[in-house]
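The lines below spell out each chain.
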Amino acid sequence: MLLIPLILRLIAITTASSSEWQHTNPPAASLRRQLQDDATSTTSTTTPDDGDLPFHKATFLASHNAHANRDAASSFFETLGINQDSSIYDQLSNNDVRGLLLDIKLDPNFADEQLRLVHGPLDFGGFSSVANENLIPFLEENPNAIVTLILETTGDSGEYEATIRANILKELQTIFSALSVNGQPLKEITFKYDDLLWQNHDNWPTLSEIRQSGQRLFIFSDRSELANSEYGFMHNQQVMKENYWEGVVDCIAQFGWDSSTVSLPSNQSWSRLFMMNHFCCESGAESFGRVVGEALLGGGDNGWGILYPRIQHCMANNGGVTPNFIALDWVVNSEEARAVRDYLKFGGAVGRGQTCDDDSQCATSSCNTAAGICQCQECASNSLDICPGCASGQYCQSAGDSSANQCIVKERIENSYVCGKSFDSAVASCNTAVRCPNGNDDCPVDQVCFNAVDCLPAPTLQPTDQSSSSSSSDATTSVQVQEITTTVPATAETSESPSAAVIEPTAAPITPASRYCGESYEDAKTTCSEITVCPKGYECPSGLTCYDGVKCFTRRPTSSPTDTPTTASPISPPSASPVTDAPIAPSMSPTDRPTRAPFDFFNEYFCGGNFTEAQSSCYTTTPCPTGSPASCLNGETCYGGIKCIAPPSISPTLQPTDKPPTKSPSAVVQEQTTSPPFNWLNTNGGMAAMSGGYAIVAMIVGVAGVMLW
């Protein structure tokens, strides 16, 4: 009699779970077609080459309980504990899985093959047999595939814990010596972090280097007793940070979140990897209805609208580290998850087109509630940021009715040569900034000429005058600043652009930073720049120390006026002599104009209100290369894994265009003004549907007491 209320409760839970994640008002046929078209438009059909990615910057899909699948289930009760639909070989071959989460247990009842693949009390075969039938063929057929095994040991606690774990290690060593890939033992193709190949690497090797080395099988175990450098077995808590497994909403630490680097016996410098668990429930039966089905909100747990926002949430909690492994249930339905993976690796457009009821179910944070469709996030045509849901070079426009927002290609003013203090400022003010068809000599004294600026036309393009003047408060730091008359694109009437004039350069201290990295104090002082600053005292790369009290100076060089474009020479490095608080005496000899301040393209950590904002504005936002949000402003967080692509040009053009300027430059009057301190830190500027009997199966699981994780 006690079974009846339990069954009724399971029916209620199953029904509620299903209805909660099904859209209550499916879109009409035409809107559904739009949904499908939108989803297709943001899903890449080809995967770019990932060879240049370091291992710690790559993202792989992983299969949770990969061995607990329908093909491996040999009895009815084993089907109650599965989390995957097809074999491990199929998951690797057809679902692009590259990480396998396997539960292992030593069972003496199986004399021939004691190391078993299990899920709770259910046995899904011997480790060796399953690997030989699934993993080995795949590795032989795909010589460039990099695969990771993440082992979780069960049944090894208690009085005989040490003996059991020692025997598990012995079994693993026997298997990895006996099984081979194209005649090469498995232990020969496992990754060994302490191999001589990697001793000069400051961080994990690239995927190309890993493939070339042949060490393309990574093994991580949850037991430190199973770590063995000879066989390439690593303890996951020394290498990874991982979130607690249950649920797809919150994202809290399980271990390793306070560490940014690995803690291997002979390696404490490489970046710590992030293993992200993303499955909702204690059993595959419960998660199935949230992953597989029609019109799932946000695309379901494996879709853009649920998975991508959770990744952002996890990164906000773990210090901005992009997941290296995303563990999923039911990878048979992982098309959108693969698109999310590629977006994390290569950038592109955030997915749209999923079913939604509100903004929280969309990766773009924009739901068209009338149509029930995730859409691009509306932004202005002159926005410099990438609009979520649109590709670079597009903006998102409302259709003005119940239809979803549309991505529109921006109108461009081509062949733009624009003056600015930086590429970003040139882009931001390109409609009013001085044009420089003749190169640097067309620009004001504190600006340089940038080419290939993609400039959005302003609604009204009229010539404007900008002047700058101020009174001098310190005669020792005064410089001459010219009055500027700006020019506008050729489509509008242009005014005269100024020519460069000789000024007296002075030096101003870089403020407020006084801490810089270096091999010594003198080295820190002579090489100080925006990329060597260490305001917190601990941001320096390995081998360098943060020194306080360093006064870093930069000169404000200019060039003499010329009739033809000039070629800029490298700026002289800072003086190695001691620096005092007194300003450097001005040099009366003119110097060449500077190029754009160096931008660290190897840095992949940037500040932002969210991951999308940090990524879209990475070239202008504050970098946080240490992964710490300490350098971020206005409550922003540090996000990692951002590959910031340079604009078309980051260096000034010194050659004129084929088209001459509208009017000849003329000299302008100079006025003296105080030069404000130059702030080097200022940047100015991310299966088909199963039969209804599966609900009954879930009820039986609950009644039988094997609702398993």
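Residues numbered from 1 in each chain as written. Predicted model: local features only at pLDDT ≥ 70, side-chain atom pairs only at ≥ 80, totals over all residues. Heavy atoms only, no water.

Comments concerning the overall build of the chain
Thinking step 1. What the chain contains, in helices and strands, is 15 helices and 29 strands.
Thinking step 2. Burial analysis of the chain (709 residues in total) assigns 49% to the buried set.
Thinking step 3. For the chain, the exposed area adds up to about 31700 Å²; of that, 51% sits on carbon and sulfur atoms. (Helix = DSSP H or I, 4+ residues; strand = E, 2+ residues; numbered from the N terminus. Buried < 20%, exposed > 50% of the residue type's maximum accessible area, 1.4 Å probe, protein only. Areas by Shrake-Rupley, 256 points an atom, 1.4 Å probe, with all protein chains shown as cover.)

Some details on the environment of Gly319
Thinking step 1. Looking at the element boundaries, Gly319 is found in the loop between helix H10 (304-318) and strand E13 (325-328).
Thinking step 2. By relative accessible area, which is 28% here, Gly319 ends up partly exposed.
Thinking step 3. The sequence separation of Gly319 and Thr637 amounts to 318 residues, and the corresponding C-alpha distance is 8.1 Å.
Thinking step 4. Leaving out residues up to four positions away in the same chain, Gly319 has contacts with Gly627 and Cys638. (Contact = heavy atoms within 4.5 Å.)

Quick notes on the pattern of salt bridges
Thinking step 1. Scanning the entire structure with this criterion turns up 14 salt bridges.
Thinking step 2. When the shortest N-O distance is used, the salt bridge between Asp156 and Arg165 registers 3.0 Å.
Thinking step 3. The shortest N-O distance in the salt bridge between Glu225 and Arg165 comes to 3.0 Å. With Glu225 in the loop between strand E8 (217-221) and strand E9 (233-235) and Arg165 in helix H6 (residues 161-178), the pair connects residues that are 60 residues apart, well separated along the chain. (Salt bridge = Lys/Arg side-chain N within 4 Å of Asp/Glu carboxyl O.)

What to know about the environment of His119
Thinking step 1. On the secondary structure map, His119 appears in strand E3 (residues 115-119).
Thinking step 2. Take His119: its relative accessible area is 1%, and that puts it in the buried class.
Thinking step 3. There is a polar contact of 3.2 Å between the side chain of His119 and the side chain of Asn65.
Thinking step 4. Among the polar contacts listed, one links the side chain of His119 to the backbone oxygen of Gly81, at a separation of 2.5 Å. (Polar contact = N/O pair within 3.5 Å; in protein donor to acceptor, adjacent residues only side chain to side chain.)

Side note on H6
Thinking step 1. Its 18 residues place the ends of H6 26 Å apart at the C-alpha level, agreeing with the 26 Å of an ideal helix rising 1.5 Å per residue.
Thinking step 2. Burial in H6 covers these residues: Arg165, Ile168, Leu169, Leu172, Gln173, Ile175 and Phe176. Here the buried residues of H6 occupy an arc of 165° about the axis, which is enough to place them on one side. Summarising the geometry of H6, the exposed residues directed more than 90 degrees from the buried face are Lys170 and Ala178. (Expected span 1.5 Å × (residues − 1). Arc of directions from axis to C-beta.)

Observations regarding the state of the cysteines
Thinking step 1. What the rule picks out here adds up to 10 disulfides.
Thinking step 2. Across a sulfur-sulfur distance of 1.5 Å, Cys379 and Cys387 are joined as a disulfide pair. Given an S-S torsion of about 75°, the disulfide between Cys379 and Cys387 has right-handed geometry. Take Cys379 and Cys387: they sit in the same class, and that class is buried.
Thinking step 3. The partner cysteine of Cys607 in its disulfide is Cys632, sulfur to sulfur 2.0 Å. Taking the torsion about the S-S bond as the criterion, the Cys607 to Cys632 disulfide, at about -80°, is left-handed. Of this pair, Cys607 sits in strand E27 (residues 606-608) while Cys632 sits in the loop between helix H14 (611-616) and strand E28 (637-639), placing them 25 residues apart in sequence.
Thinking step 4. Its relative accessible area of 1% is what places Cys607 among the buried residues.
Thinking step 5. What makes Cys632 buried here is its relative accessible area of 11%. (Disulfide = S-S within 2.5 Å.)

Thoughts on the packing of aromatic side chains
Thinking step 1. By the definition in use, this model includes 23 aromatic pairs.
Thinking step 2. When the ring of Phe55 is compared with that of Phe60, the centres are 5.7 Å apart and the planes differ by 35°; the resulting orientation is tilted. Taken individually, Phe55 and Phe60 each receive the classification buried, so the pair is uniform in this respect.
Thinking step 3. When the ring of Trp245 is compared with that of Phe279, the centres are 6.2 Å apart and the planes differ by 25°; the resulting orientation is stacked. Taken as a pair, Trp245 in the loop between strand E10 (240-243) and strand E11 (253-255) and Phe279 in the loop between strand E12 (273-277) and helix H9 (284-291) lie far apart in primary sequence, 34 residues in all. This pair shows no difference in class: Trp245 is buried, exactly as Phe279 is.
Thinking step 4. Members of the aromatic cluster, joined through ring pairs, are Phe55, Phe60, Phe191, Trp198, Trp204, Phe218, Phe220, Trp270 and Phe325.
Thinking step 5. Geometry around Phe110 places Arg116 over its ring, the cationic atom sitting 3.7 Å from the centre.
Thinking step 6. Between Lys345 and the ring centre of Phe60, over which it is positioned, the NZ or CZ distance is 5.8 Å. (Phe/Tyr/Trp six-rings, centres within 6.5 Å; stacked < 30°, edge-to-face > 60°. Lys NZ or Arg CZ within 6 Å of the ring centre and 35° of its normal.)

With respect to the confidence of the model for the chain
Thinking step 1. Chain-level pLDDT for the chain is 74 on average; 66% of the residues reach the 70-or-more range.
Thinking step 2. Predicted confidence is poor over residues 35-46, with pLDDT under 50, and the contacts of this stretch with residues over four places away or in other chains come to 17 contacts.
Thinking step 3. pLDDT under 50 marks residues 459-512. Its contacts with residues more than four places away, or in other chains, come to 163 contacts. (pLDDT = per-residue confidence, 0-100.)

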